[in-house]
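Listed below, chain by chain, are the residues.
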Amino acid sequence: MRRALAASDRVHGTTSPNPAVGCVVLDRDGRVVGTGATSPPGGPHAERAALAEAGPRAAGGTAVVTLEPCNHTGRTAPCVDGLLEAGISRVYTALADPNPVAAGGLDRLRAAGVEVTLGTLATEVARGPLRGWLHRQRTGRPHVTWKVATTLDGRVAAADGSSRWITGPEARGEVHDLRRRMDAIVAGTGTVLADDPVLTARHPDGTLRDHQPLRVVVGNRDVPPGARLRAEGVAPALHLRTRDPAEVLAELTRRDVVDLLLEGGPTLAGAFVAAGAVDRVLVHLAPALLGAGPHALGDAGVGTIADIVRLQVDEVRRAGGDIVVDAVIDPRPACGPAE
Ligand SMILES: NC(=O)c1ccc[n+]([C@@H]2O[C@H](COP(=O)([O-])OP(=O)(O)OC[C@H]3O[C@@H](n4cnc5c(N)ncnc54)[C@H](OP(=O)(O)O)[C@@H]3O)[C@@H](O)[C@H]2O)c1
């Protein structure tokens, strides 16, 4: 399953609105004979790709899939058919498909005599590349990760507005890894005017990665003609002249966005938190102090301690000299389905 998860991670960001699934096929002796992951929409699903690599060696073998194999004909034929035609005799899957249209795959496999195990590494898989897709299935809107680089005293820029760089190269490299998994990156006009960011996913040598998320600017002010975001041919960009997070989410839902990275700054992040539109928080904490300058989060609509926004910490780790805190916001009844 970890191998299937790793395969799905390699395509995370390229499959939306479809889930990034990974699949490994083993022959009857338990040897890995095929590995596959979801293709961009319209292309083969993970199971089909892994079965194609395995060929006749799949007969009598085992398929390990991160998500329940689909049982419906969409742009491609049901994966369950592929597994049955290949003669697979056992299927391990982490998560059941919450989409009623595609579900029922495991039942059909069982009915055909295939031995089925559900729940393998379920927690790990649910926190992986499928997290945003599962969230969108549940809520009807994209999954929003707010990422911020801050000093120990909670500042995201110095008093003069300069903010490059608060964190070290390892933490910044992780941001580029994260961006290539995303469908969209969102920043406010304040950040665009202050920093002139390019918001692309790049390799350490500065070259562009294969997959680039949609870059979205939110706010009513103009983006200057010379801004780096407006350079042609780099990556798609969009300016939403609104201040309403629900409107931003509705527009990005229409554009098939599943995973959204909110990269700033404090005003826009505060508005998203206030709207209940942030699901995960990634804080890159630099062991440094500024003493003045903007705080990490602007007004989030919290006026009294009873309204404090609590998070559950999934992970705390080091990135070079910095500390990364990865946490999820307790689900609250707020920003509901955007469609
Ligand atoms: N360290 C970090 O991780 C990090 C990340 C990002 C930014 N920053 C720093 O943050 C500073 C910029 O802060 P900022 O707060 O001005 O940036 P921001 O949040 O990116 O932009 C603020 C602007 O967004 C627009 N906006 C959109 N929706 C809004 C809403 N619901 N409520 C209010 N405004 C909304 C408004 O612009 P209009 O007037 O155009 O409508 C507002 O002025 C810079 O110094 C930058 O370096 C640091």
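You'll find the structure just up there.
Note that the coordinates shown come from a computational prediction; the quantities given were computed from them, not determined experimentally. (Residues numbered from 1 in each chain as written. Predicted model: local features only at pLDDT ≥ 70, side-chain atom pairs only at ≥ 80, totals over all residues. Heavy atoms only, no water.)

Draft legend 1. How the structure looks around the pairing of strand S3 (residues 62-67). Of all 6 residues that make up S3, 6 are buried, and the element is covered over most of its length. Direction of pairing for S3 relative to strand S4 (residues 90-95): parallel, over a ladder of 5 bridges. Its bridge partner lying in S4, Thr-62 is registered against Arg-90. (Buried < 20%, exposed > 50% of the residue type's maximum accessible area, 1.4 Å probe, protein only. Helix = DSSP H or I, 4+ residues; strand = E, 2+ residues; numbered from the N terminus. Pairing = 2+ DSSP bridges.)

Draft legend 2. Region of the structure containing the pattern of salt bridges. The full count for this structure, using the stated rule, is 20 salt bridges. Residues Arg-180 and Asp-9 are paired through a salt bridge, measuring 3.7 Å at the closest nitrogen-oxygen approach. Taken together, the residues Arg-180 in the loop between helix H7 (169-179) and strand S7 (184-188) and Asp-9 in helix H1 (residues 2-11) connect sequence positions 171 residues apart. We classify Asp-9 as partly exposed; its relative accessible area is 22%. (Salt bridge = Lys/Arg side-chain N within 4 Å of Asp/Glu carboxyl O.)

Draft legend 3. Looking closely at the pairing of strand S6 (residues 143-151). Burial of S6 is extensive: 9 of the 9 residues sit out of reach of the surface. Residues His-143, Thr-145, Lys-147, Ala-149 and Thr-151 point to one face of S6 and Val-144, Trp-146, Val-148 and Thr-150 to the other, with burial holding for every one of them. Sheet topology places S6 next to strand S10 (residues 259-262); 4 bridges connect them, and they run parallel. By the bridge assignment for S10, Trp-146 is matched with Leu-262. Direction of pairing for S6 relative to strand S11 (residues 280-286): parallel, over a ladder of 7 bridges.

Draft legend 4. Here's a closer look at the nonpolar core. Core analysis: the largest hydrophobic core is formed by 33 residues, its most contacted members being Val-25, Ile-88, Leu-109 and Leu-130. Elements supplying a minimum of two residues to this core: H1, strand S1 (22-26), helix H2 (46-54), S3, helix H3 (79-85), S4, helix H4 (105-111) and helix H6 (131-139). The contacts of Val-25, once residues within four sequence positions are left out, are Arg-31, Val-32, Val-33, Gly-34, Ala-50, Leu-51, Ala-54, Ala-58, Thr-62, Ala-63 and Ile-88. (Core = buried A, V, L, I, M, F, W, Y, C linked by side-chain atoms within 4.5 Å. Contact = heavy atoms within 4.5 Å.)

Draft legend 5. Looking closely at the site of the ligand. In the vicinity of the ligand, 26 residues are found, and the nearest of them are Thr-191, Arg-221, Arg-243, Gly-265 and Thr-267. Contact between the ligand and Gly-190: an oxygen atom at 3.0 Å from a main-chain N or O atom of the residue. At a separation of 2.6 Å, a nitrogen atom of the ligand approaches a polar backbone atom of Arg-243. Expressed as a share of its isolated accessible area of 930 Å², the protein-covered part of the ligand is 85%. At the level of elements, S6, helix H8 (189-195) and helix H10 (266-274) are the ones that each hand at least two residues to the shell around the ligand. (Near = heavy atom within 4 Å. Polar contact = N/O pair within 3.5 Å; in protein donor to acceptor, adjacent residues only side chain to side chain. Areas by Shrake-Rupley, 256 points an atom, 1.4 Å probe, with all protein chains shown as cover.)

Draft legend 6. Examining H7 more closely. Buried within H7 are the following residues: Ala-171, Val-175, His-176, Leu-178 and Arg-179. Down the axis, H7 shows its buried residues gathered within 160 degrees of arc, on one side only. Lining the buried residues of H7 we find S6, S7, S10, S11, strand S12 (311-319) and strand S13 (322-329). (Arc of directions from axis to C-beta.)

Draft legend 7. Region of interest: unusual backbone geometry. The omega torsion across Ser-16 and Pro-17 is 10 degrees, close enough to zero to call that bond cis. On the secondary structure map, Pro-17 appears in the loop between H1 and S1. Unlike most non-glycine residues, Asp-256 shows phi in positive territory, near 65 degrees. Along the chain, Asp-256 turns up in the loop between helix H9 (245-254) and S10.

Draft legend 8. Inspection of the environment of Glu-53 at higher detail. Along the polypeptide, Glu-53 turns up in helix H2. A polar atom in the side chain of Glu-53 sits 3.5 Å from the backbone nitrogen of Thr-35.

Draft legend 9. Quick peek at the sheet that holds S11. Reading across the sheet, the 8 strands line up as S9-S8-S7-S10-S6-S11-S13-S12 and stay open at both edges, with mixed pairing between neighbours. Every other strand in the sheet has two partners, leaving strand S9 (237-240) and S12 as the edge strands with one partner each. Averaged over all adjacent pairs, the angle separating strand axes in this sheet is 20 degrees, with direction ignored. (Axes fitted to C-alpha atoms, helices over the stretch in contact; angles between N-to-C directions.)

Draft legend 10. Local environment of the sheet that holds strand S2 (residues 32-37). The strand order across the open sheet built from 5 strands is S2-S1-S3-S4-S5, with neighbouring strands paired in mixed fashion. Lying at the two open borders of the sheet, with one neighbouring strand each, are S2 and strand S5 (115-118). Across the sheet, the mean angle separating the axes of adjacent strands is 15 degrees when strand polarity is ignored. Looking at chain direction, S1 and S3 are connected through 4 bridges and run antiparallel. Considered in S3, the bridge of Val-24 is made with Val-64.

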